[in-house]
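Now for the letters of each chain:
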Amino acid sequence: MKIFNTLTRQVEEFVPHEEGVVRMYTCGPTVYNYAHIGNLRTYIFEDVLEKGLRYLGYDVRRAMNITDVGHMTSDADSGEDKMEKGAKREGKTVRELADFYTKAFFDDCEKLNIRKPSIVEPASHHIDVYIKMISKMLEDGYAYLSNGNVYFDISKAKDYYQLSGKNPEDLMVGVRDTVEEDSAKRNPADFGLWFTVSKFSNQEMKWDSPWGVGYPGWHIECSGISGKFLGEYLDIHCGGVDNIFPHHTNEIAQSEAYFGHKWCNYWVHGEHLNDTSGKMSKSKGEFLTLSVLMNRGFQPLSYRYFCLGSHYRKGLAFSFEALTQAEQAYQKLRNRIKKLDRTPNLREGKIDEYKNAFKDAISNDLNTSSMLTLVYDVLKDEELTDFTKLYLIEDFDKVLSLDLVIEDEEVDSTFEQHILEQIEARNQAKKEKNYEEADRIRDSLLQEGIRLIDSRDGTTYERI
Ligand code: AMP
Ligand code: ZN
């Protein structure tokens, strides 16, 4: 397996600490709102990476946190806690807010065939672990107490800027705005490990600690949860590129200070999904969720197909036109697979060749578009029997998770549901005199092999 490592900025051969075992950590969502489809792009990429490693034969042990405390509205660890802000907005307690959006997140994941990591832990469940780590860092001189808060002293970290490749001087400009507020810090880029009530008195979730009643900083949760559940040597740590600085940079500083040695060898980051106004982000207020896509008649797995069409290290521009094209291609692909003859007739001949090609696509820095191309190659290959094609596509789908091979009735019922929703959306568009949208829906269904028939009694359809 070759994978791009942000730490060294090159594609490297992947060698885990323990042969055959991968310890993988992925940052989870901050549950103060729905996940947007940008977040979901990152979780799809991580899901494919996990499944790809499994396909290659690794035993993957994967952990993920749920951020339900400590993530500030500003990455400089100042401002309000995002959870507190969300709770106020919705008239809920922080706990209710976290439970609601954690469930919503996993519902979205299920619709997108994203496997739930075997270890999922809310940040607020492991306060004892953070206290233990912070105490040791204080003892060893990596952390200091100032104005009631505990900070990490970044000047003590070995190569603090390695992951981000940032220039400390440039960063000084970035943090200058907050210098006044953070006068308690020795260096402007130092970050909070533990905040006490002296600074944020109205924090709802708080715990007793040797430094007073308070709550942990955002970054310590990932170091704590990863160390507790995966041990002190991590193989792969993932997230979106926005996590590189400061979050992952700070995770490295803390974990290595605490363990006293190098912690994680491979840092793998997914590029962003962008909309027309730039990076999709929750704090911008309006953002696209999976439900919005579904309400517009798209099937969740069309979005997964859309994401898999491009490489995880390339920015992906979202538009409804692009998603429509992906949905049509995806639907056509499923229809082609559906037509394959299921009579058992396996020919071993080229099976290994295809499986090896699929492994190569995974090993080539997780080349998802090559993986998809292989599905089309299998379909085109006249030397393969239909049954062998089905066998291979089902095998590839362990990684792609696009429900490519499904039972006949299942295809019919989800596809039928989709057609009815599209007819409904078209009726609505017509009512609103949005004939352009109505025509778009009609043409889009035609591409999927469905012709609409309008009559005075309403709209029916036929398959072409
Ligand atoms: P958050 O819930 O804000 O902590 O983010 C959850 C995950 O989504 C993190 O791994 C982020 O790096 C990632 N992320 C945030 N914005 C985007 C985006 N526009 N495109 C792709 N991933 C993103
Ligand atoms: Zn994290």
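Residues numbered from 1 in each chain as written. Chains lettered and ligands numbered in written order. Predicted model: local features only at pLDDT ≥ 70, side-chain atom pairs only at ≥ 80, totals over all residues. Heavy atoms only, no water.

Student: Looking at this model, I keep getting lost on the site of ligand 1. Mind explaining?
Tutor: In the neighbourhood of ligand 1, 18 residues make up the surrounding shell, with Gly38, Thr42, Asp242, Leu273 and Met280 lying closest. Contact distances for ligand 1 include 2.5 Å between an oxygen atom and a side-chain N or O atom of aspartate 242. One of the side-chain N or O atoms of asparagine 243 is found 3.1 Å from an oxygen atom in ligand 1. Alone, ligand 1 offers 490 Å² of accessible surface; in the complex the protein occludes 94% of this. Elements represented by at least two residues in the shell around ligand 1 include exactly helix H1 (37-55) and strand E10 (234-240). (Near = heavy atom within 4 Å. Polar contact = N/O pair within 3.5 Å; in protein donor to acceptor, adjacent residues only side chain to side chain. Areas by Shrake-Rupley, 256 points an atom, 1.4 Å probe, with all protein chains shown as cover. Helix = DSSP H or I, 4+ residues; strand = E, 2+ residues; numbered from the N terminus.)

Student: When you look at the sheet that holds strand E13 (residues 278-279) in this model, what are you seeing that I'm missing?
Tutor: In any sheet, the strands associate via hydrogen bonds between backbone groups, in a parallel or an antiparallel arrangement. One open sheet holds the three strands; their spatial order is E13-E12-E14, and the pairing between them is mixed. Two strands in the sheet have a free side with no partner beyond their single neighbour: E13 and strand E14 (316-317). (Pairing = 2+ DSSP bridges.)

Student: Mind showing me how you'd approach the coordination of the zinc ion (ligand 2) here?
Tutor: Angles at a metal have ideal values that depend on geometry: 109.5 degrees with four tetrahedral donors, 90 or 180 degrees with six octahedral donors. Cys27 (SG), Cys222 (SG), His247 (NE2) and Glu251 (OE) make up the full set of protein donors to the zinc ion (ligand 2), lying at 2.0 to 2.7 Å. With four donor atoms in place around the zinc ion (ligand 2) and angles of 74 to 132° between them, the coordination shape is irregular. Sequence positions of the residues that donate to the zinc ion (ligand 2) give the spacing C-x194-C-x24-H-x3-E. Here cysteine 27, found in the loop between strand E3 (21-26) and H1, pairs with glutamate 251, found in helix H7 (residues 244-259); they are 224 residues apart in sequence, far enough to count as distant. (Donors = N, O, S within 2.8 Å, 3.2 Å for Na, K, Ca; no water. Tetrahedral: all angles 85-135°; square planar, octahedral: opposite > 155°, others 65-115°.)

Student: Looking at this structure, I do not really get the packing of aromatic side chains. What am I missing?
Tutor: Remark: the centre distance and the inter-plane angle together describe each pair of aromatic rings, the angle taken between the planes. Going through the model one piece at a time under the given rule, you end up with 24 aromatic pairs. On the numbers, 5.9 Å between centres and 90° between planes, the contact of phenylalanine 306 with phenylalanine 318 is edge-to-face. Here phenylalanine 306, found in helix H9 (residues 300-308), pairs with phenylalanine 318, found in the loop between E14 and helix H10 (320-338); they are twelve residues apart in sequence, far enough to count as distant. Each member of the pair, phenylalanine 306 together with phenylalanine 318, is buried. The interplanar angle of 5° and the centroid separation of 4.2 Å between the aromatic rings of phenylalanine 358 and phenylalanine 396 together place this pair among those described as stacked. Of the two residues, phenylalanine 358 sits in helix H11 (residues 351-363) while phenylalanine 396 sits in helix H13 (residues 386-400), which places them 38 residues apart along the sequence. The class of phenylalanine 358 is buried, set by a relative accessible area of 0%. By relative accessible area, which is 0% here, phenylalanine 396 ends up buried. Three or more aromatic residues joined by ring pairs make a cluster, and in this case those are Phe298, Tyr303, Phe306, Phe318 and Phe320. (Phe/Tyr/Trp six-rings, centres within 6.5 Å; stacked < 30°, edge-to-face > 60°. Buried < 20%, exposed > 50% of the residue type's maximum accessible area, 1.4 Å probe, protein only.)

Student: Would you explain the domain arrangement of the protein in this entry?
Tutor: For interface size, the figure often reported is the accessible area lost on association. Under the domain assignment, the protein is made up of domain 1 (2-274), domain 2 (296-406) and domain 3 (409-463). The gap between the C-alpha centroids of domain 2 and domain 3 is 26 Å. The partner domain 3 presents twelve residues to the twelve residues of domain 2 that form the contact. A combined buried area of about 1,200 Å² lies between domain 2 and domain 3, and 48% of that area is made up of carbon and sulfur atoms. It is Gln328, Lys338 and Ile406 that lose the most area in domain 2 upon contact with domain 3, and together they represent 37% of the buried surface on that side. Where domain 2 packs against domain 3, one counts zero salt bridges. Remark: the boundary between domain 2 and domain 3 carries two residue pairs in polar contact (both at pLDDT 80 or more). (Domains from an automatic or database assignment. Contact = heavy atoms within 4.5 Å. Buried area = accessible area lost by both parts, 1.4 Å probe. Salt bridge = Lys/Arg side-chain N within 4 Å of Asp/Glu carboxyl O.)

Student: Looking at this structure, how should I read the nonpolar core?
Tutor: Core analysis: the biggest nonpolar cluster contains 127 residues, and Leu49 and Tyr303 have the highest contact counts within it. The element contributing the most residues to this core is H1, with nine residues. Among the domains, domain 1 (2-274) and domain 2 (296-406) are the pair contributing at least three residues each to this core. Contact partners of leucine 49, with chain neighbours within four places excluded, come to Met1, Ile3, Met24, Ile236, Cys238, Val268 and Leu366. Counting seven residues, the second largest nonpolar core, distinct from the first, contains Phe415, Ile419, Ile423 and Ile450. (Core = buried A, V, L, I, M, F, W, Y, C linked by side-chain atoms within 4.5 Å.)

Student: Explain the confidence of the model for the protein to me, please; I cannot follow it from the model alone.
Tutor: Detailed reading of the predicted model is not advised wherever pLDDT is low. Predicted confidence across the protein gives a mean pLDDT of 90, with 92% of residues reaching 70 or more. In this model residues 173-180 is a low-confidence stretch, pLDDT under 50, and it forms four contacts with partners more than four residues away in sequence or in other chains. (pLDDT = per-residue confidence, 0-100.)

Student: Would you mind going over the pattern of salt bridges with me for this structure?
Tutor: A side chain with one charge can pair with a side chain of the opposite charge if their charged atoms come near. This model, assessed by the stated rule, comprises 28 salt bridges. In this structure, the salt-bridge partner of glutamate 50 is arginine 54, at a minimum N-O distance of 2.7 Å. With glutamate 50 and arginine 54 both in helix H1, this residue pair falls four residues apart, about one helical turn. With its nearest N and O atoms 3.1 Å apart, the salt bridge here joins lysine 136 to aspartate 140.

Student: Would you mind showing me how to read the pairing of strand E4 (residues 59-66) here?
Tutor: Remark: a regular strand shows side chains that alternate across the two faces of the sheet. Of all the eight residues making up E4, six are buried; the element is thus mostly covered by neighbouring parts of the structure. Across six bridges, the pairing between E3 and E4 is parallel. Bridge assignment links valine 22 to a residue of E4, and that residue is valine 60. Each parallel crossover has a hand, and the one from E3 via H1 to E4 is right-handed. Sheet analysis places E4 next to strand E5 (residues 119-122), joined by four bridges and oriented parallel. In the strand pairing of E5, asparagine 65 is matched with glutamate 121. (Right-handed = clockwise from strand over helix to strand, strands pointing away.)

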